[in-house]
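Topology and contacts: notes
Here is what each chain is made of, one letter per residue.
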Amino acid sequence: MLPSLATTIELEDLTYPLIMQPKIDGVRGWNPDGRLLGRSMEEHANKYVTMRYSSALFAGCDGELHMGNPCSDSVCRATTSAVNTIGGKPDVHWTLFDLVTRNTFWKPYEQRLVDLHSFVNRLEQGMPNMAHGISVIPSRVVRSLSEALALERHYTDAGDDAVCFRRRDAVVRSGRVL
């Protein structure tokens, strides 16, 4: 299975309600089977980051790796440099936006997001060292174009340069999806 990828859309063409999230311009990190991979389905070069998030515990987690403030203008460059440098122990964080396992595969995205929050909360309570640097992307349901534009303005004012939309009822698909 390949990771889902974002696609460009026009806000006016969307059918609401949708889940809206800020877009983090880092480096893709997904763990389909116990190994952290990039969108190319290969491990990242940095041994520490790859080992840190390569665990059966994280199997099914999908998100964006980032160094420092995810709204920074240099987050993509800093993260790319960190994950492409073999040595060192960079403080790369993993902001998750999906949980795709055998148990969640056919669930709608909205339920997978609930399951993802539950997973991260259990991790924080039971294994705080493993939970360090892991968070879930902020998500809000928008019910109209005017709500989407207002929330997009909020995110861009906070420093994000783009947003992502997810259909609440969407099941897992590979490739470019909404």
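Scope of this entry: the structure provided in the associated data block.

**Concerning the nonpolar core**
Counting residues in each nonpolar core, the largest one holds 26 residues, and the members touching the most others are Y53, F58, L65, W94 and I134. Those elements that provide at least two residues to this core are helix 1 (47-53), strand 4 (61-67), helix 2 (75-84), strand 5 (92-99), helix 3 (109-126) and strand 6 (134-136). Within the second largest apolar cluster, 11 residues are counted, among which are L18, M20, A148 and F165.

**Focus on the sheet that holds strand 2 (residues 18-22)**
Reading across the sheet, the three strands line up as 7-2-8 and stay open at both edges, with antiparallel pairing between neighbours. One side of each edge strand has no neighbouring strand; the edge strands of this open sheet are strand 7 (140-142) and strand 8 (163-166). Sheet twist, expressed as the mean angle between neighbouring strand axes with direction ignored, is 40°. Bridge count between strand 2 and strand 8: four bridges; the pairing is antiparallel.

**Concerning helix 2**
All of the buried residues in helix 2 are V75, T79, A82 and V83. One side of helix 2 holds all its buried residues, which, seen down the axis, span an arc of 90°. The inward-facing, buried residues of helix 2 contact strand 3 (27-30), helix 1, strand 4 and strand 5.

Basis of the calculations
- Residues numbered from 1 in each chain as written.
- Predicted model: local features only at pLDDT ≥ 70, side-chain atom pairs only at ≥ 80, totals over all residues.
- Heavy atoms only, no water.
- Core = buried A, V, L, I, M, F, W, Y, C linked by side-chain atoms within 4.5 Å.
- Buried < 20%, exposed > 50% of the residue type's maximum accessible area, 1.4 Å probe, protein only.
- Helix = DSSP H or I, 4+ residues; strand = E, 2+ residues; numbered from the N terminus.
- Pairing = 2+ DSSP bridges.
- Axes fitted to C-alpha atoms, helices over the stretch in contact; angles between N-to-C directions.
- Arc of directions from axis to C-beta.
- Contact = heavy atoms within 4.5 Å.

Keep in mind these numbers describe shape, not what the thing actually does.
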